[in-house]
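# Architecture at a glance
For reference, the chains in residue letters:
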Amino acid sequence: TITREFAIRIIEAREFASTALTEPGATEVNGLEWSEDAKQLLGRVPEGLIRTMAQSKIEEHAFKQGAKTITSRIAQEGITQAQEAAQKVKPSGGA
């Protein structure tokens, strides 16, 4: 079952991660500069909602740390946080 709280987080993630960093020439999003290594890490995340969530978590993590540039370390930590959040969601349809 998808909870209201989960749906709100997804909607907010889509609004927060409004620019795809995998587009050619994109280096700055939401006031944060992305290193090439960090962009490559994000590019390995499956496209769509999962990548949007990962980008949101990465940017949120960078803001919390006060970083102006997203490095590969910050990106990996944000991706890990996104994976942990995704694991908390229980798939529906089972007994």
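Above: the structure in question.
Residues numbered from 1 in each chain as written. Predicted model: local features only at pLDDT ≥ 70, side-chain atom pairs only at ≥ 80, totals over all residues. Heavy atoms only, no water.

## Concerning the nonpolar core
Soluble, globular proteins show a tendency: their nonpolar side chains are buried together. What counts, and what does not: Throughout this description, the term nonpolar core refers to a set of buried Ala, Val, Leu, Ile, Met, Phe, Trp, Tyr and Cys residues connected via side-chain atoms within 4.5 Å. When a residue's accessible area, from a 1.4 Å probe over protein chains only, is under 20% of the maximum for its type it is buried; when over 50% it is exposed; and in between it is partly exposed. Helical segments are the DSSP runs of H or I of at least four residues, strand segments are the runs of E of at least two, and each set is numbered from the N terminus.
Trp-34, Ile-58 and Ile-70 are the most contacted members of the largest nonpolar core, which has 16 residues in total. Residue assignment for this core shows that the elements contributing at least two residues are β2 (32-34), α2 (36-43), α3 (49-65) and α4 (72-87). Looking at this core element by element, the count peaks at four residues for α4.

## Section: the pattern of salt bridges
Just so we agree on the cut-off: Whenever Lys or Arg places a side-chain nitrogen within 4 Å of a carboxyl oxygen from Asp or Glu, that contact is recorded as a salt bridge.
As enumerated under the stated definition, the model contains three salt bridges in all. Across the salt bridge formed by Lys-39 and Glu-36, the nearest N and O atoms sit 3.8 Å from each other. Of this pair, Lys-39 and Glu-36 both sit in helix α2, three residues apart, roughly one helical turn. Taking the relative accessible area as the measure of exposure, Glu-36 reaches 46% and is therefore partly exposed. Across the pair Lys-64 and Glu-60 runs a salt bridge, and its minimum N-O distance is 3.2 Å. On the criterion of helical spacing, the pair formed by Lys-64 and Glu-60 is a turn pair, its members being four residues apart in helix α3. Given a relative accessible area of 29%, Glu-60 falls into the partly exposed group.

## Quick word on the packing of α3 against α4
This is how it is decided: Only the stretch in contact is used when a helix axis is fitted, and all axes are lines through C-alpha atoms; the angle between N-to-C directions ranges over 0 to 180 degrees. Should an angle fall under 35 degrees it is taken as roughly parallel, and over 145 as roughly antiparallel, whereas 65 to 115 is taken as roughly perpendicular and any remaining angle as oblique. Two helices cross in a left-handed way if the nearer one is turned anticlockwise from the farther one by less than a right angle. They cross in a right-handed way if the turn is clockwise. The contact criterion used throughout is that any non-hydrogen atoms of two residues lie within 4.5 Å. Any residue outside Ala, Val, Leu, Ile, Met, Phe, Trp, Tyr, Cys, Pro, Asp, Glu, Lys and Arg is labelled polar, Gly included; the first ten of those are nonpolar and the last four are charged.
Where α3 contacts α4, the axes come no closer than 8 Å and their chain directions differ by 125 degrees. One element, α3, and the other, α4, form an angle in the oblique class. Like other packed secondary-structure pairs, α3 and α4 cross with a definite hand, here right-handed. When α3 is examined against α4, the residues Met-53, Ala-54, Lys-57, Ile-58, His-61, Ala-62 and Gln-65 are found in contact with a partner set consisting of Arg-73, Ile-74, Ala-75, Glu-77, Gly-78, Ile-79, Gln-81, Ala-82 and Ala-85. Across the contact of α3 with α4, the residue classes tally to nine nonpolar, four polar and three charged.

None of the figures reported here should be taken as evidence of function without further support.
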